[in-house]
Amino acid sequence: MKKLVLFLLFCLLAGIVIDAAPRRKTRRRATPRRTVKKVSKPVKLSIHDANPFHACEDTCAHVHGIDVSHYQNEVFWDAVYNDTNMGYVYLKCTEGSDNQDPLYARNLEMIRSRKLRVGSYHFFRPKVCLALQMHNFRAQCLPSEQDLIPMLDVETTAGLPTQQFCDSLHKMLHLMEDTYHQKPLIYTYRNFYNKHLQGQLDGYPLMIAMYSDERPQLADGRDYVLWQYTCKGRLKGVKGEVDKSRVMAGHSLEELYYVR
């Protein structure tokens, strides 16, 4: 009996010693992860990307120009004349019946003293009295100060049905022809032309706006003289962005010269 008690006591002590011994922690080996390298697709740069001052007019043989209003604030015309390849400028002159661009007279004087080809445009409001619009434009846009034919900026129907809008537009065009004795240049967007102006402007020179690397196509196949290809152009002498356009192949800037 004494031996049994001693044996049980020995087993109890051995268990305590084993339990008190430090245990090694086993670390889980991290499974290596595969790093997948993302391959970016090549980006095709357009004429508006990369260096914004190195644009289409620096790399092609077309004649390029800009249109300017008070939105460009003060323009440094010396820089435009000396450091760029611009061949012409269209200035916003008037809008509606009584709005005159506040920088028109200054810009016109500065451009003419630097012998850049210049023309003027009126923003057309089809629901506003046409006689007042024509009076507003004629008072500012003097024939003796123009190198290029006047331009009519046509961008809105003002909610008129297409036929009623076109009737108003034709009356305005006739007033301009009676005043300046030549057909004006008409500026509009490709989509606006396709929706409202197909077949309405035969015989009138067009400037078509579409901001793309590919030239616009008009639904009725009409040809046009100028393409405004960006509204985000950059130019030495102009703070911020400016509209740029170019003369289309098969045409020349001489087609737009003001004939006195």
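Just so it is clear, the structure is predicted and the values come from calculations on it, not from any experiment.

## Here's the deal with the packing of aromatic side chains
Describing an aromatic ring pair means giving the distance of the ring centres and the angle of the ring planes.
Working step 1: Considering all chains together, one arrives at six aromatic pairs under this definition.
Working step 2: Their ring planes at 70 degrees and their centres at 5.9 Å tell us that Tyr-187 and Tyr-189 sit as a pair that is edge-to-face.
Working step 3: When its relative accessible area of 30% is taken as the criterion, Tyr-189 is described as partly exposed.
Working step 4: A connected cluster of aromatic rings, assembled from ring pairs, spans Phe-137, Tyr-180 and Tyr-258.
Working step 5: One residue, Arg-117, lies across the ring of Tyr-257, its end atom 4.1 Å from the ring centre.

## Concerning helix 4 (residues 104–113)
Working step 1: Buried within helix 4 we find Tyr-104, Asn-107, Leu-108 and Ile-111. Viewed end-on, helix 4 has its buried residues packed into an arc of 100 degrees, placing them on one side of the element. Seen from the open side of helix 4, the exposed residues pointing more than 90 degrees away from its buried face are Ala-105, Glu-109 and Ser-113.
Working step 2: Contacts made by the buried residues of helix 4 are with strand 1 (64–68), helix 3 (77–83), strand 2 (86–95), strand 4 (117–123) and helix 5 (130–140).
Working step 3: Downstream of helix 4 by one or two residues, Lys-115 has phi in the positive range, about 60 degrees.

## Looking at the confidence of the model for the chain
Working step 1: Averaged over all residues, the pLDDT of the chain is 86; the fraction at 70 or higher stands at 78%.
Working step 2: Segment residues 20–28 is flagged for pLDDT under 50; beyond a separation of four residues in sequence, or across chains, it makes zero contacts in the model.
Working step 3: Contacts of residues 42–50 to residues separated by more than four positions or lying in other chains number 11 contacts, the stretch itself having pLDDT below 50.

## Brief notes about the pairing of strand 2
Working step 1: Burial analysis of strand 2 places nine of its 10 residues in the buried class, which makes it a mostly covered element.
Working step 2: Of the crossover connections in this fold, the one passing from strand 1 over helix 3 to the parallel strand 2 is right-handed.
Working step 3: In the sheet, strand 2 pairs with strand 4 via seven bridges, with the strands oriented parallel. When the bridges of strand 4 are listed, Val-89 appears paired with Val-118.
Working step 4: Note that strand 2 and strand 3 (residues 99–100) share two bridges and pair antiparallel. In the strand pairing of strand 3, Thr-94 is matched with Gln-100.
Working step 5: Counting the residues that bridge the hairpin from strand 2 to strand 3 gives three residues, and of these Gly-96 lies at a positive phi of roughly 60 degrees.

## Details of the packing of helix 6 (residues 162–180) against helix 7 (residues 190–197)
Geometry of a packed helix pair, given as the angle between the helix axes and the separation of the axes.
Working step 1: Between helix 6 and helix 7, the shortest axis-to-axis distance is 10 Å and the interhelical angle comes to 105 degrees. The angle between helix 6 and helix 7 places the two elements in the roughly perpendicular class. Along its contact with helix 6, which presents Thr-162, Phe-165, Cys-166 and Leu-169, the element helix 7 presents Phe-192, Lys-195, His-196 and Leu-197.
Working step 2: A per-class count over the contact of helix 6 with helix 7 returns five nonpolar, two polar and one charged.

What counts as what
- Residues numbered from 1 in each chain as written.
- Predicted model: local features only at pLDDT ≥ 70, side-chain atom pairs only at ≥ 80, totals over all residues.
- Heavy atoms only, no water.
- Phe/Tyr/Trp six-rings, centres within 6.5 Å; stacked < 30°, edge-to-face > 60°.
- Buried < 20%, exposed > 50% of the residue type's maximum accessible area, 1.4 Å probe, protein only.
- Lys NZ or Arg CZ within 6 Å of the ring centre and 35° of its normal.
- Helix = DSSP H or I, 4+ residues; strand = E, 2+ residues; numbered from the N terminus.
- Arc of directions from axis to C-beta.
- Contact = heavy atoms within 4.5 Å.
- pLDDT = per-residue confidence, 0-100.
- Right-handed = clockwise from strand over helix to strand, strands pointing away.
- Pairing = 2+ DSSP bridges.
- Axes fitted to C-alpha atoms, helices over the stretch in contact; angles between N-to-C directions.
- Parallel < 35°, antiparallel > 145°, perpendicular 65-115°, else oblique.
- Nonpolar A, V, L, I, M, F, W, Y, C, P; charged D, E, K, R; others polar.

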